[in-house]
Amino acid sequence: MEHGSIERELRIDATPEVVYEVISSPEHLREWWPDDAQLDPVPGAVGTITFGDPASPEAKVEQLTVVEADPPRRFAFLWVTDKGEAATSGNSLLVTIDLVQDGDGTLLRFKETGFRERGWEAAVLEKAYSEHVQGWDHFLPRLVTYAEKLVARP
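Residues numbered from 1 in each chain as written. Predicted model: local features only at pLDDT ≥ 70, side-chain atom pairs only at ≥ 80, totals over all residues. Heavy atoms only, no water.

1. Considering the UniProt feature "domain: Activator of Hsp90 ATPase homologue 1/2-like C-terminal" (unreviewed entry) in the chain
Working step 1: In this numbering, the UniProt entry assigns the feature "domain: Activator of Hsp90 ATPase homologue 1/2-like C-terminal" (unreviewed entry) to residues 13-148.
Working step 2: The span residues 13-148 is 32% helix and 33% strand, and its two end C-alpha atoms sit 6 Å from each other. (UniProt positions renumbered as here; feature names shortened; annotations may be inferred. Helix = DSSP H or I, 4+ residues; strand = E, 2+ residues; numbered from the N terminus.)

2. Looking at the packing of helix α1 (residues 16-24) against helix α3 (residues 122-152)
Working step 1: With their axes 10 Å apart at the nearest point, α1 and α3 run at an angle of 130° to one another. Comparing their axes, α3 and α1 come out oblique. As α1 packs across α3, the resulting crossing turns out to be right-handed. For the pair α1 and α3, contact is made by Val18, Val22 and Ile23 and by Leu143, Tyr146, Ala147, Leu150 and Val151, respectively.
Working step 2: Within the contact of α1 with α3, the residues separate by chemical class into eight nonpolar, no polar and no charged. (Axes fitted to C-alpha atoms, helices over the stretch in contact; angles between N-to-C directions. Parallel < 35°, antiparallel > 145°, perpendicular 65-115°, else oblique. Left-handed = near helix turned anticlockwise from the far one by under 90°. Contact = heavy atoms within 4.5 Å. Nonpolar A, V, L, I, M, F, W, Y, C, P; charged D, E, K, R; others polar.)

3. A short note on the environment of Val133
Working step 1: Take Val133: it is sitting in helix α3.
Working step 2: The spacing of Val133 and Thr15 is 118 residues in sequence and 26 Å in space, taken between C-alpha atoms.
Working step 3: Setting aside residues up to four positions removed in sequence, Val133 forms contacts with Ile6 and Arg8.

4. Regarding the pattern of salt bridges
Working step 1: The full count for this structure, using the stated rule, is 13 salt bridges.
Working step 2: As a salt-bridge pair, Asp98 and Arg74 come within 2.6 Å of each other at their nearest N and O atoms. A residue pair is termed long-range when its members are at least 10 positions apart, and Asp98 in strand β6 (residues 93-102) and Arg74 in strand β5 (residues 74-79) qualify at 24 residues.
Working step 3: A relative accessible area of 23% means that Asp98 is categorised as partly exposed.
Working step 4: Judged by its relative accessible area of 27%, Arg74 falls in the partly exposed class.
Working step 5: Its salt-bridge partner being Arg118, residue Asp82 comes within 2.8 Å of it at the nearest N-O pair. (Salt bridge = Lys/Arg side-chain N within 4 Å of Asp/Glu carboxyl O. Buried < 20%, exposed > 50% of the residue type's maximum accessible area, 1.4 Å probe, protein only.)

5. Some thoughts on the layout of surface pockets
Working step 1: In this structure, the largest pocket occupies an estimated 530 Å³ of space.
Working step 2: Together, 23 residues line the largest pocket, and Lys60, Glu62, Trp79, Val80 and His132 are the ones closest to its centre.
Working step 3: Elements supplying a minimum of two residues to the lining of the largest pocket: β4 (60-70) and α3.
Working step 4: Among the elements that line the lining of the largest pocket, the one with the most residues is α3, at eight residues. (1 Å grid on protein atoms, 1.4 Å probe; cavity = no way out; pocket = protein on both sides within 12 Å on 5 of 7 lines; lining within 4 Å. Points joined across faces, edges and corners; volume = space filled by probe spheres on them.)

6. A short note on the side chain of Thr50
Working step 1: The topology assignment puts Thr50 in strand β3 (residues 46-51).
Working step 2: Apart from the residues within four sequence positions on either side, Thr50 is in contact with Pro34, Asp35, Asp36, Ala59, Lys60 and Val61.

7. What about empty space enclosed by the protein?
Working step 1: Scanning the entire structure with this criterion turns up one cavity of 30 Å³ or more.
Working step 2: If you add up the space inside the largest cavity, you get close to 50 Å³.
Working step 3: Along its surface, the largest cavity is lined by Ile23, Leu29, Trp32, Trp33, Leu64, Phe75, Phe77, Ile97, Phe110, Trp136 and Leu140.
Working step 4: Listed by contribution, the elements that provide at least two residues to the lining of the largest cavity are α2 (26-32), β5 and α3.
Working step 5: When the residues that make up the lining of the largest cavity are grouped by side-chain class, the tally is 11 nonpolar, no polar and no charged.

8. Brief notes about the sheet that holds strand β1 (residues 5-12)
Neighbouring strands of a sheet are bound in pairs by backbone hydrogen bonds; such pairs are parallel or else antiparallel.
Working step 1: One open sheet accounts for seven strands, arranged β1-β7-β6-β5-β4-β3-β2; its pairing is antiparallel. A single partner strand is all that each edge strand has here, and the edge strands are β1 and β2 (36-38). Sheet twist, expressed as the average angle between the axes of neighbouring strands with direction ignored, equals 20°.
Working step 2: Of the pairings in the sheet, the one linking β4 to β5 comprises six bridges and is antiparallel in character. Looking at β5, one finds that Leu64 is bridged to Trp79.
Working step 3: Packed on one face of the sheet, α1 meets β1, β4, β5, β6 and β7 (105-113) and runs near 160° to β6.
Working step 4: Across the sheet, α3 lies against β1, β3, β5, β6 and β7, angled at about 15° from β1, the strand it touches most. (Pairing = 2+ DSSP bridges.)

Below, the structure written as structure tokens:
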């Protein structure tokens, strides 16, 4: 297996403007991805996302650095950075989400890269890649459901 990047393409029955808010605003992120998000969605901003109860020592907290914020077209961030390090393309994973108008909906193009660039040994690389594939396969459909539910409200 190559372990270079994870790519997904999803169709969402919501406008790019709505989908952009869902992928970049902490109050929306919490509804489909992490249990908590503290983030200012502007380039250069550093925030956190938390999986699990934020008050619990078992919670997994990840730093997230916004690389690009171009509403309603693109949102990109670096994450999975070693603790205490500033995020760079060599020590983090890059998630890029492009939004394209598709009729009255949006085509979301998701890409996560940087696995090989981390310099992990093969077993660590394979495990991280597999965990991220499973994670995104779980969370991205939740994004679609949540965005479509937002616009379906009366």
